[in-house]
Structure formats: structure tokens, C-alpha cells
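Here's the letter readout for the chains.
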Amino acid sequence: DLTNRLAVENAQLNKELETQQKIADDTTRSYEERKEALDRVNAANEQLVDNALLEAKANENKIRQQLAIVANDEDRRDLEAELATATAERIDAEKNADIVRLESAQLNRELDLEELERKKSITQQLEDLAVENITNEQERELAALDLAKERALAELDLLRATDEEKERLANEFEKKRE
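Model, not experiment: these values are computed from the prediction. (Residues numbered from 1 in each chain as written. Predicted model: local features only at pLDDT ≥ 70, side-chain atom pairs only at ≥ 80, totals over all residues. Heavy atoms only, no water.)

**Considering the overall build of the chain**
Applicable threshold: Numbering of helices and strands runs from the N terminus; a helix is a DSSP stretch of H or I covering at least four residues, while a strand is a stretch of E covering at least two. The atom set for the radius of gyration is the C-alpha atoms, and the globule formula is 2.2 Å times the number of residues raised to the power 0.38. For each residue, the accessible area found with a 1.4 Å probe, counting protein chains only, is set against the maximum for its type, and the residue is called buried under 20%, exposed over 50%, and partly exposed in between. Whether two residues touch is decided by their heavy atoms; if any such pair falls within 4.5 Å, the residues are in contact.
Scanning the chain for helices and strands turns up 5 helices and 0 strands. Each helix and strand of the chain, placed in order from N terminus to C terminus, yields the pattern α-α-α-α-α. Radius of gyration (C-alpha) of the chain: 29 Å, far over the 16 Å computed for a compact globule of 178 residues. For the chain, buried positions account for 23% of its 178 residues. If you take every contact in the chain between residues at least 6 apart in sequence, the share linking residues at least 24 apart comes to 60%.

**Overview of a negative patch on the surface**
Condition: Note that patches include only residues with greater than 30% relative accessible area and no salt bridge, and the join distances are 9 Å for like charges and 5 Å for nonpolar side chains (Val, Leu, Ile, Met, Phe, Trp, Tyr). Accessible surface area values rest on a Shrake-Rupley calculation with a 1.4 Å probe, where residue burial reflects the displayed protein chains alone. Put simply, a salt bridge is a Lys or Arg side-chain nitrogen that is within 4 Å of an Asp or Glu carboxyl oxygen. We score Asp and Glu as negative and Lys and Arg as positive, and we do not count His or the chain ends. Charged side chains are reduced to one point each, which is NZ for Lys, CZ for Arg, CG for Asp and CD for Glu.
Negative charge collects at one region of the surface, where Glu74, Asp75, Asp78 and Glu82 lie side by side. Assignment of secondary structure puts Glu82 in helix α3 (residues 73–132).

**Overview of the side chain of Lys35**
Within the secondary structure, Lys35 sits in helix α2 (residues 31–69). For Lys35, the residues in contact, after removing those within four places along its chain, are Asn108, Leu111 and Asp112.

**Some details on the pattern of salt bridges**
This model, assessed by the stated rule, comprises 19 salt bridges. A salt bridge links Arg101 to Glu46; the shortest N-O distance between them is 3.9 Å. On the criterion of sequence distance, the pair formed by Arg101 in helix α3 and Glu46 in helix α2 is long-range, its members being 55 residues apart. Each member of the salt-bridge network shares a partner with another, and the members are Glu60, Arg64, Arg90 and Glu94.

**A few points about α3**
How we decide: Each helix should span, by expectation, one fewer than its residue count multiplied by 1.5 Å. For the purposes of these results, a polar contact is taken to be a pair of N or O atoms within 3.5 Å, where, inside protein, one atom must be able to donate a hydrogen and its partner to accept one; residues adjacent in sequence count only when each atom of the pair is a side-chain atom.
The terminal C-alpha atoms of α3 lie 88 Å apart, and with 60 residues this matches the ideal 88 Å at 1.5 Å per residue to within 8%. The N-cap residue of α3 is Asn72: its side-chain oxygen and the backbone nitrogen of Glu74 are 2.7 Å apart.

**Notes on the packing of α2 against α3**
Cut-off, in case you're wondering: Fitted lines through C-alpha atoms give the axes, limited to the stretch in contact for helices. The angle between two N-to-C directions lies from 0 to 180 degrees. Reported orientations rely on four angle classes, namely roughly parallel under 35 degrees, roughly antiparallel over 145, roughly perpendicular from 65 to 115, and oblique for the rest. Three residue categories are used. Nonpolar comprises Ala, Val, Leu, Ile, Met, Phe, Trp, Tyr, Cys and Pro, charged comprises Asp, Glu, Lys and Arg, and polar comprises the others, including Gly.
Orientation of α2 relative to α3, taken along the N-to-C sense of each, is 170°, at an axis distance of 9 Å. Compared by their axis directions, α2 and α3 come out roughly antiparallel. Of the residues contributing to the contact of α2 with α3, the split by class is 16 nonpolar, 8 polar and 18 charged.

**Notes on the packing of α3 against helix α4 (residues 137–158)**
A pair of packed helices can be characterised by two numbers: the angle between their axes and the separation between those axes. Running from N to C, α3 and α4 cross one another at 160°; their axes reach a closest spacing of 9 Å. Considering their axes alone, α3 and α4 lie roughly antiparallel with respect to each other. Residues Lys120, Gln124, Glu127, Asp128, Val131 and Glu132 of α3 pack against Arg140, Ala143, Ala144, Leu147, Arg151, Glu155 and Leu158 of α4. Here the residues of the contact of α3 with α4 sort into 5 nonpolar, 1 polar and 7 charged.

So, in C-alpha cells, the structure goes:
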């Protein structure tokens, strides 16, 4: 029976989901471990909503089949009401599936952004140290200015600045170099 099979499968999926969610949330683990766990969480979530959708469609089809063979008007009205409820449940399951997919994509983007910020912070620290290690004061000031310009332009990219705005910023940095 489909319902029994899905009940067991959903229990296994929930177990996997909770375990993997703990790993994905554990900030002491590596990005790779967390990303792998998040992928498993997303897969389990998607399978759960797919199972709910499958069950809702099966219930809707069963009611349609019963409706096709019923002769009694009172039974027909009852089945039509059941069909309306089953159809609403299927539509709700479809909505939930869409939401789970959107949330999965968002969680992936957030984890990727967190890793990008971590790498950016490390790179900035290394670049700052490299500038500090320049012994000639004028060269150090120019290197610091170049670094500030690169970072400002990168920030403007994130803010979706226009080429004209980026050019104005670059021109201001050139004025500082003179």
C-alpha cells in the first residue's frame, strides 16, 4: 500500500533530515562538510514534499475512481466534497514543494556567501600584511591606495553600481595618487 510505504520512507527521511541539519548548522565543521550535509537536507526535504504530493495525487485519483462508479446522489455529493478537499490538499502540497525548493536554494546561497565572506576576510588580512611589510613609505602608501581602490570597486560591483559610478570612484583614487 502506497500510504504505508510512504510512512516508512518519510520516517527515514525525517531521521536523515534532522541528523544532516545538525551538521549543516554546526559552524565548527568545514564548509565542505556543511555543504554536503545541506545538500542531503535539501534532498530529504524535496523527497518529503514529493511524497506528500504523490500521496495527495493518489488520494485524489482514488476519489475520482469512486465517483465514476457511484450511483447514489447523496454518496456522489459526499465524494464530490471529498474530491474538492483532496484537490485542495494536492494544491497545498504543490505549494509546499515550491516553497521547499526556494528555501533550499536560499540556504545554499547563504552558506556559499558565508564561505565567500570567510575567504574574503582571510585575503584582506593577507593583503593588509603585505602592504604593511613594504619598507619604503611612499611605496607602502601607494600600495595601500591601490588596495583601497580594488576593495571599493569590488564593493561597487556588489552594489550593482553603474560603469559611470565606478569610473568616478577610480578618478577620485587617481587624484589621491597625484
